[in-house]
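# Coordinate inspection notes
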Amino acid sequence: MSNVVEVKSLKVHFDGHQGFLKDFFSKEKNLVKAVDGIDLVIKKGEIVSLVGESGSGKTTTGKALLSLTHQSDGEILFEGESISQKNKKALKSFRQKAQMIFQDPYQSLNPRNIIMDIVAEPLVVNKLISSEDEKKERVIQALENAGIKPAERFLYKYPHELSGGQRQRIVIASALILNPSFIVADEPVSMLDVSIRADILKLMVEQRDKKGISYLFITHDLSLAWLISDRIAIMYLGKIVEVGDAELIAGSCLHPYSKALVSVMPVPRKLKNRERMILKGETPNPSRIPTGCRFHPRCPFAIDQCKAEEPVLKEVKPGHHVACHLV
Ligand SMILES: Nc1ncnc2c1ncn2[C@@H]1O[C@H](COP(=O)(O)OP(=O)(O)OP(=O)(O)O)[C@@H](O)[C@H]1O
Ligand SMILES: [Mg+2]
């Protein structure tokens, strides 16, 4: 399988404010290291989940992959070509082939526009249609692909007339209308009723099966990642600490942070006699990253080496990478 996306040593740092006086007198900048050097490959038709606690840098990674935020360092290749703000031509074609689905279907649709105009917007902006009839036809097709049927009944409705699940389908229809090969889905079902989550996830997987779309699926919910993805990358404080086959991560991961996430994952009753591993404290602030292994202050197994030396992500078995001195 060919690589659709390749991320090399990606960093996204923001200027953080420390308060007016500190900003004024302090010589050193307070850098928020939201993404702090990650490597990741997503293959054609593959669903890779990015899992981690709140603030670990998942959304920033997703946005950086789509050039929706700045990149402090590193390189992103899309279908083999380097994507950067400087390469305008590649960026334009990339913007059509790569799309993002956000968490909140209530905020991502313009309340003043009818569904037809919302879904057609990417076509109009990119000057890809020549007549109103063509526009209508393409929108109907996209809505039907996203499970909105009969599509004609929805064309002239406003977002407030739809349910949360229908709105998220509209968001998906607008993401699909340019036939993308890569989609970043950032917590796409976390605001939806449990009863409709499965349908939306099924729709995304169907699109992968039919069209070979690759996904980066962002979630804080490891059980969801396990359900939907081929591979899982576990992110902690701006870094990927473990990545591997979804089954393997859920069943026999090796990093203590991944183990803690797995130990609190809801599972069928027969597997329930495992020990829960509750982590001490919260994710530290990404402007004050601990020395050595960034997880060491919360790790129950940390040794002296962990405080001093940052572990690198190394391959422990084919396709299974872990960043931990103890592995
Ligand atoms: N524009 C910005 N300026 C400064 N700091 C930012 C900016 N965007 C994100 N951050 C910080 O970067 C860190 C990572 O944020 P991000 O939104 O990527 O986390 P996340 O893993 O998506 O969290 P959540 O699960 O809550 O959505 C956070 O500490 C956040 O406050
Ligand atoms: Mg987020």
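Residues numbered from 1 in each chain as written. Chains lettered and ligands numbered in written order. Predicted model: local features only at pLDDT ≥ 70, side-chain atom pairs only at ≥ 80, totals over all residues. Heavy atoms only, no water.

## Some remarks on the overall build of the protein
- Each helix and strand counted, the protein has 11 helices and 12 strands in total.
- For a compact globule of 327 residues, the expected C-alpha radius of gyration is about 20 Å, and the protein comes in at 21 Å, within 12% of that figure.
- In terms of overall dimensions, the protein has a C-alpha envelope of 70 × 55 × 40 Å along the principal axes.
- In the protein, 65% of the contacts between residues at least 6 apart in sequence involve partners at least 24 apart.
- Of the roughly 16800 Å² that the protein leaves accessible, carbon and sulfur atoms contribute 51%.
- Computed over 46 positive and 39 negative side-chain charges, the separation of the two mean positions in the protein equals 2 Å. (Helix = DSSP H or I, 4+ residues; strand = E, 2+ residues; numbered from the N terminus. Rg over C-alpha atoms; globule rule 2.2 N^0.38 Å. Contact = heavy atoms within 4.5 Å. Areas by Shrake-Rupley, 256 points an atom, 1.4 Å probe, with all protein chains shown as cover. Lys, Arg positive; Asp, Glu negative; His and termini not counted. Charge placed at Lys NZ, Arg CZ, Asp CG, Glu CD.)

## Section: helix α3 (residues 88-97)
- The set of residues buried in α3 consists of Ala90, Leu91 and Phe94. End-on view of α3: buried residues confined to an arc of 100°, all on one side of the axis. In α3, the exposed positions that point more than 90 degrees away from the buried face belong to Lys88, Lys89 and Lys92.
- Those residues of α3 that are buried are in contact with α2 (58-65), β4 (73-78), β5 (81-82) and β6 (98-101). (Buried < 20%, exposed > 50% of the residue type's maximum accessible area, 1.4 Å probe, protein only. Arc of directions from axis to C-beta.)

## Quick look at the layout of surface pockets
- By volume, the largest pocket amounts to about 670 Å³.
- If you list the elements that add at least two residues to the lining of the largest pocket, you get α3, β6, α4 (115-125) and α6 (164-176).
- A breakdown of the residues in the lining of the largest pocket according to their chemical character gives 15 nonpolar, 5 polar and 3 charged. (1 Å grid on protein atoms, 1.4 Å probe; cavity = no way out; pocket = protein on both sides within 12 Å on 5 of 7 lines; lining within 4 Å. Points joined across faces, edges and corners; volume = space filled by probe spheres on them. Nonpolar A, V, L, I, M, F, W, Y, C, P; charged D, E, K, R; others polar.)

## Notes on the site of ligand 1
- Taken together, Phe14, Val32, Ala34, Glu53, Ser54, Gly55, Ser56, Gly57, Lys58, Thr59, Thr60 and Pro286 make up all the residues around ligand 1.
- Within the backbone of glycine 57, an N or O atom sits 3.0 Å from an oxygen atom of ligand 1.
- Between ligand 1 and threonine 60, the relevant distance is 2.5 Å, taken from an oxygen atom to a side-chain nitrogen or oxygen of the residue.
- Against a free-state accessible area of 640 Å², the protein chains account for coverage of 60% of ligand 1.
- Secondary structure elements with two or more residues in the shell around ligand 1: β2 (30-43) and α2.
- Looking at which element gives the most residues to the shell around ligand 1, the answer is α2, with 3 residues.
- The residue inventory of the shell around ligand 1, partitioned by class, reads 4 nonpolar, 6 polar and 2 charged. (Near = heavy atom within 4 Å. Polar contact = N/O pair within 3.5 Å; in protein donor to acceptor, adjacent residues only side chain to side chain.)

## Describing the side chain of serine 263
- On the secondary structure map, serine 263 appears in helix α10 (residues 256-263).
- Within polar-contact distance, the side chain of serine 263 engages the backbone nitrogen of methionine 277 at 2.7 Å.

## Notes on the state of the cysteines
- Here the structure, examined in full by the defined rule, presents 0 disulfides.
- For the unlinked cysteine cysteine 299, the closest cysteine sulfur is that of cysteine 324, found at 6.3 Å. (Disulfide = S-S within 2.5 Å.)

## Some words on the pattern of salt bridges
- Under the criterion given, the structure shown has 11 salt bridges.
- The partner of arginine 208 in a salt bridge is aspartate 230, with the nearest N and O atoms 3.0 Å apart. Residue arginine 208 is found in helix α7 (residues 194-211), and its partner aspartate 230 is found in the loop between α8 (222-228) and β9 (231-236); the two are separated by 22 residues along the sequence.
- Residue arginine 208 is classed as buried on the basis of its relative accessible area, which comes to 15%. (Salt bridge = Lys/Arg side-chain N within 4 Å of Asp/Glu carboxyl O.)

## What about the sheet that holds strand β12 (residues 320-322)?
- Across the sheet, 8 strands lie side by side as β6-β7-β8-β3-β9-β10-β12-β11; this open sheet has mixed pairing. Here the strands that pair on one side only, and so sit at the sheet edges, are β6 and β11 (314-317). Pairwise comparison of adjacent strand axes, ignoring direction, gives a mean angle of 25° for this sheet.
- Relative to strand β8 (residues 214-219), strand β7 (residues 182-186) runs parallel, the two being bridged by 5 bridges. In the sheet register, isoleucine 183 faces β8, and the bridge partner there is tyrosine 215.
- Docked against the sheet, α3 engages β6 and β7, running at close to 45° with respect to β6. (Pairing = 2+ DSSP bridges. Axes fitted to C-alpha atoms, helices over the stretch in contact; angles between N-to-C directions.)

Take it as geometry only, folks, not as evidence of what the structure does.
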